[in-house]
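Examination of the molecular architecture
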Amino acid sequence: MDLIKYFTFSMIISILGIRGILLNRRNIPIMSMPIESMLLAVNSNFLVFSVSSDDMMGQVFASLVPTVAAAESAIGLAIFVITFRVRGTIAVEFINSIQG
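My aim in this report is to walk through the structure given alongside it, one point at a time. Nothing here was measured: the structure is a model prediction, and the numbers come from that model.

**Observations concerning the environment of P29**
- Its place among the elements puts P29 in helix α2 (residues 28-53).
- The exposure class assigned to P29 is partly exposed, which follows from its relative accessible area of 28%.
- Sequence separation between P29 and F80 is 51 residues; the distance between their C-alpha atoms is 7.9 Å.
- Ignoring any residue separated from it by four or fewer positions in sequence, one finds P29 in contact with F80 and I90.

**Points about the environment of V68**
- Along the chain, the position of V68 falls in helix α3 (residues 57-87).
- Note: C-alpha distance between V68 and M11 (57 residues apart in sequence) is 21 Å.

**Focus on the packing of helix α1 (residues 3-23) against α2**
- With their axes 8 Å apart at the nearest point, α1 and α2 run at an angle of 165 degrees to one another. Looking at the two axes, α1 sits roughly antiparallel to α2. The element α1 and its partner α2 pack so that their crossing is left-handed. Only M31, P34, I35, S37, M38, L40, A41, S44, N45, V48, F49 and S52 of α2 make contact with α1, whose side of the interface consists of L3, Y6, F7, S10, I13, S14, G17, I18, G20 and I21.

Here is what the cut-offs are and how they apply
Residues numbered from 1 in each chain as written. Predicted model: local features only at pLDDT ≥ 70, side-chain atom pairs only at ≥ 80, totals over all residues. Heavy atoms only, no water. Helix = DSSP H or I, 4+ residues; strand = E, 2+ residues; numbered from the N terminus. Buried < 20%, exposed > 50% of the residue type's maximum accessible area, 1.4 Å probe, protein only. Contact = heavy atoms within 4.5 Å. Axes fitted to C-alpha atoms, helices over the stretch in contact; angles between N-to-C directions. Parallel < 35°, antiparallel > 145°, perpendicular 65-115°, else oblique. Left-handed = near helix turned anticlockwise from the far one by under 90°.

Here it is, written out as structure tokens:
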């Protein structure tokens, strides 16, 4: 098993996720999609390490990552809906004026 190919794939997905966050600073839901791609890269790293070391813990963690991602998406969507109801927009420029 050639690990370099899988780690290169994971690194490319991570870099694209970071680039997506840095370039899309206008809309919050669009900013959350690169975060999901970075979680995909972490998930593939867990699987590659699990297979290469012949250990099941990486696969267990890989099955928990989508659960955490789903919870993150649900909470984020709830925050987006509340912000849109209160402010009328979910643009990032206006989010910094939220006080709490």
